[in-house]
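If you want the building blocks of each chain, they are given just below.
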Amino acid sequence: MKSVKNEFPNPVLAAERDDYIDSCSFSTVFKASDIEVTAEEIIIPISYSLVCNGLQSLIDAEQAVVVVSVKSSAASYSRLFRFPKDATSMNISIPKFGVVKRIEIGGSIIACTPIPGFKCDGEFNELYFGNSTFEIRKGDILAREDSRVIYIDDTE
């Protein structure tokens, strides 16, 4: 069941939210045709796109990280994969027999240190936040996207 509304103590860059100006965006991209299945693992090449100077500066300063959450509820598989600091693409390797029926994949940007006085000059929605600053805690979500599903043919 999909959650309809998530509340956060800080602005979050996401398609379904209007916390940031329209020109800011965050998303991950993968193609089903690029997914490789070997005898032992499923390899998913994935990349991300971020258009937000404030969040990009946090990543560059190693105060935030881009991660991809991979879940297979039927198999109780759940893991976060972290993009390398200077890379916008990577390969995700999932144990072939660790997942069942479907895999849910979604990207996020997460604070990895406390960030006092957080703001994104000119990128927050002025109507809601004006010149506000926020106290970000380690682990707070700064950007997110809805999960996408890859269905698995587990008859092999």
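Conventions adopted
- Residues numbered from 1 in each chain as written.
- Predicted model: local features only at pLDDT ≥ 70, side-chain atom pairs only at ≥ 80, totals over all residues.
- Heavy atoms only, no water.
- Disulfide = S-S within 2.5 Å.
- Buried < 20%, exposed > 50% of the residue type's maximum accessible area, 1.4 Å probe, protein only.
- Helix = DSSP H or I, 4+ residues; strand = E, 2+ residues; numbered from the N terminus.
- Arc of directions from axis to C-beta.
- Contact = heavy atoms within 4.5 Å.
- Polar contact = N/O pair within 3.5 Å; in protein donor to acceptor, adjacent residues only side chain to side chain.
- Phe/Tyr/Trp six-rings, centres within 6.5 Å; stacked < 30°, edge-to-face > 60°.

Some details on the state of the cysteines
Think of a disulfide as a covalent bridge from one cysteine sulfur atom to another cysteine sulfur atom. All told, the structure shown has zero disulfides when counted by the stated rule. Summary of cysteine pairing: Cys52 is not part of a disulfide, and the nearest cysteine sulfur, belonging to Cys24, is at 4.1 Å. Using a relative accessible area of 4% as the deciding quantity, one classes Cys52 as buried.

A short note on unusual backbone geometry
Within the chain, Ser76 stands out as a residue other than glycine whose phi angle is a positive 55°. Counting through the fold element by element, Ser76 comes out in the loop between strand 4 (64–72) and strand 5 (77–82). For Lys101, which is not a glycine, the phi torsion comes out positive at approximately 65°. The topology assignment puts Lys101 in the loop between strand 6 (89–95) and strand 7 (102–111).

With respect to helix 1 (residues 53–60)
Taken as a whole, helix 1 has its buried residues at Gly54, Leu55, Leu58 and Ile59. Around the axis of helix 1, the buried residues are gathered within 140° of arc, so they sit on the same side. Looking at the packing, one finds that the buried side of helix 1 touches strand 3 (41–51), strand 4, strand 7, strand 8 (115–118) and strand 10 (141–144). Looking one or two places after helix 1, you find Glu62, whose phi comes out positive at around 60°.

Concerning the side chain of Asp140
With respect to the element layout, Asp140 can be found in the loop between strand 9 (134–136) and strand 10. Assessed through its relative accessible area of 10%, Asp140 is described here as buried. A distance of 2.9 Å separates a polar side-chain atom of Asp140 from the backbone nitrogen of Arg137. Among residues more than four places away in sequence, those in contact with Asp140 are Asn10, Ile109, Ile110, Ala111 and Glu135.

Let's talk about the packing of aromatic side chains
Counted under the stated rule, the structure contains eight aromatic pairs. Arranged with centres 5.9 Å apart and planes meeting at 85°, the rings of Phe124 and Phe134 form a pair that is edge-to-face. Residue Phe124 is located in the loop between strand 8 and helix 2 (126–129), and its partner Phe134 is located in strand 9; the two are separated by ten residues in the primary sequence. Phe124 sits in the buried class, given a relative accessible area of 5%. Ring centres of Phe129 and Phe134 lie 5.6 Å apart, and the angle between their planes is 80°; this geometry places the pair in the edge-to-face category. Under the relative-accessibility criterion, Phe129 is labelled buried at 15%. Among the aromatic residues, those joined into a cluster by ring pairs are Tyr20, Phe118, Phe124, Tyr128, Phe129 and Phe134.

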